[in-house]
Amino acid sequence: MTIHLGKPDYKCSKCGEIFFPYKIDIECPNCGITIPSSEAKNYFDSIKEIAKSMKIHKCLYGRFVPWSWSYANTGDHIQDLLFQLFDLLEAKKPKNEEKFITETLENDFDWGDKEYLKKHIGNIAVDLLPIYNGMIKNISAKEKLKINDSYGIPF
Ligand SMILES: [Zn+2]
């Protein structure tokens, strides 16, 4: 079972680009306008939800990128890129994780005409780091079993 954030795409009212306005006073990563909390509040739990999906995937698939992943919206794409990034982080085990995130997003991903996503994903990834280091990196065997029980057959 894969865990999708399942939030509708948020489109910047000024430039029209899509991203997660996941915290108070966040600026559009493309044009820089500040997003009003009234529009962003449904996204404030995004980091927590992404962390949850990472943890579940890790237990079911042994990695963050699941065996198959469907794309219904830009949010699914953003989630997928974060999974890829954190799988690389796990494989390389860099001493400086923030630096690794910045460099990997700069050098190993192709952004095409979505350059703004590099910054956006970098910001989300850095905000995910404490949760990753706290509750995802070392999942106990007991918790793994519980997640496997709850989420069943891994498709
Ligand atoms: Zn914008």
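Each remark here, short or long, concerns the structure printed above.
Below is a summary of the structure that appears in this document. (Residues numbered from 1 in each chain as written. Predicted model: local features only at pLDDT ≥ 70, side-chain atom pairs only at ≥ 80, totals over all residues.)

## Observations concerning the overall build of the protein chain
For clarity, the threshold we go by: In DSSP terms, a helix is any run of H or I states spanning at least four residues, a strand is any run of E spanning at least two, and both are numbered starting from the N terminus. With the radius of gyration taken over C-alpha atoms, the globule rule is written as 2.2 Å times the number of residues to the power 0.38. To sort residues by burial, count the other C-beta atoms lying within 10 Å of each one's C-beta; a count of 20 or more means buried, 12 or fewer means exposed, and anything in between means partly exposed. C-beta atoms are built from the backbone. In this description, a residue-residue contact is defined by the distance between C-beta atoms placed from the backbone, which must lie within 7 Å.
Secondary structure summary: the protein chain contains six helices and two strands in total. N-terminal to C-terminal, the α/β element order of the protein chain is β-β-α-α-α-α-α-α. For the protein chain, whose C-alpha radius of gyration is 16 Å, the value lies close to the compact-globule estimate of 15 Å for 155 residues. Put simply, the protein chain has 155 residues, and 25% of those count as buried. Taking contacts inside the protein chain between residues at least 6 apart in sequence as the whole, the part at least 24 apart equals 56%.

## Some thoughts on the nonpolar core
Put simply, the rule reads: Note on terminology: a nonpolar core is any set of buried Ala, Val, Leu, Ile, Met, Phe, Trp, Tyr and Cys residues joined through C-beta atoms within 7 Å.
Core analysis: the biggest nonpolar cluster contains 25 residues, and Phe20, Leu82, Leu85, Ile121, Ile124 and Ala125 have the highest contact counts within it. At the level of secondary structure, the elements contributing two or more residues to this core comprise α2 (46-61), α3 (74-92), α4 (97-107) and α5 (115-136). Non-local contacts of leucine 82, meaning those with residues more than four positions away in its chain, are made with Ile50, Ile121, Ile124 and Ala125.

## Quick notes on α3
Given 3.6 residues per turn, any residue in an α-helix points the same way as the ones three and four places further on. As a reminder, the rule being used: To estimate how far a helix should extend, the number of its residues minus one is multiplied by 1.5 Å.
The end-to-end C-alpha distance of α3 is 27 Å, a good match for the 27 Å that 19 residues give at a rise of 1.5 Å each. If you check which residues of α3 are buried, you get Gly75, Ile78, Gln79, Leu81, Leu82, Phe83, Leu85 and Phe86. In this structure, the buried residues of α3 make contact with α2, α4 and α5.

## Comments concerning the packing of α2 against helix α6 (residues 141-151)
We count it as follows: Between N-to-C directions, angles cover 0 to 180 degrees, with each direction set by a line fitted to C-alpha atoms, over the stretch in contact for helices. Working rule for angles: under 35 degrees goes down as roughly parallel, over 145 as roughly antiparallel, 65 to 115 as roughly perpendicular, anything else as oblique. Residues are grouped as follows: Ala, Val, Leu, Ile, Met, Phe, Trp, Tyr, Cys and Pro are nonpolar; Asp, Glu, Lys and Arg are charged; all remaining types, including Gly, are polar.
Between α2 and α6, the shortest axis-to-axis distance is 9 Å and the interhelical angle comes to 90°. As judged from the angle between their axes, α2 and α6 are roughly perpendicular. Only Lys144, Ile147, Asn148 and Tyr151 of α6 make contact with α2, whose side of the interface consists of Ile56, Cys59 and Leu60. A per-class count over the contact of α2 with α6 returns five nonpolar, one polar and one charged.

## Section: the environment of glutamate 49
Turning to its location among the elements, glutamate 49 is positioned in helix α2. Glutamate 49 gets classed as partly exposed once you count the C-beta atoms within 10 Å, which come to 18. Placed 20 residues apart in sequence, glutamate 49 and proline 29 show a C-alpha to C-alpha distance of 20 Å.

## Some points on the environment of leucine 81
With respect to the helices, strands and loops of the structure, leucine 81 is situated in helix α3. Measuring from C-alpha to C-alpha, the distance between leucine 81 and serine 38 comes to 27 Å, with 43 residues separating the pair along the chain.

## Points about unusual backbone geometry
Although it is not a glycine, aspartate 25 adopts a positive phi angle of roughly 60°. With respect to the helices and strands, aspartate 25 occurs in the loop between β2 (18-19) and α1 (37-40). You can call aspartate 25 exposed: it has 10 C-beta atoms within 10 Å. Positive phi, normally seen in glycine, also occurs at lysine 93, with a value near 45°. Tracing the chain through its elements places lysine 93 in the loop between α3 and α4. Since 8 C-beta atoms lie within 10 Å of it, lysine 93 is described here as exposed.

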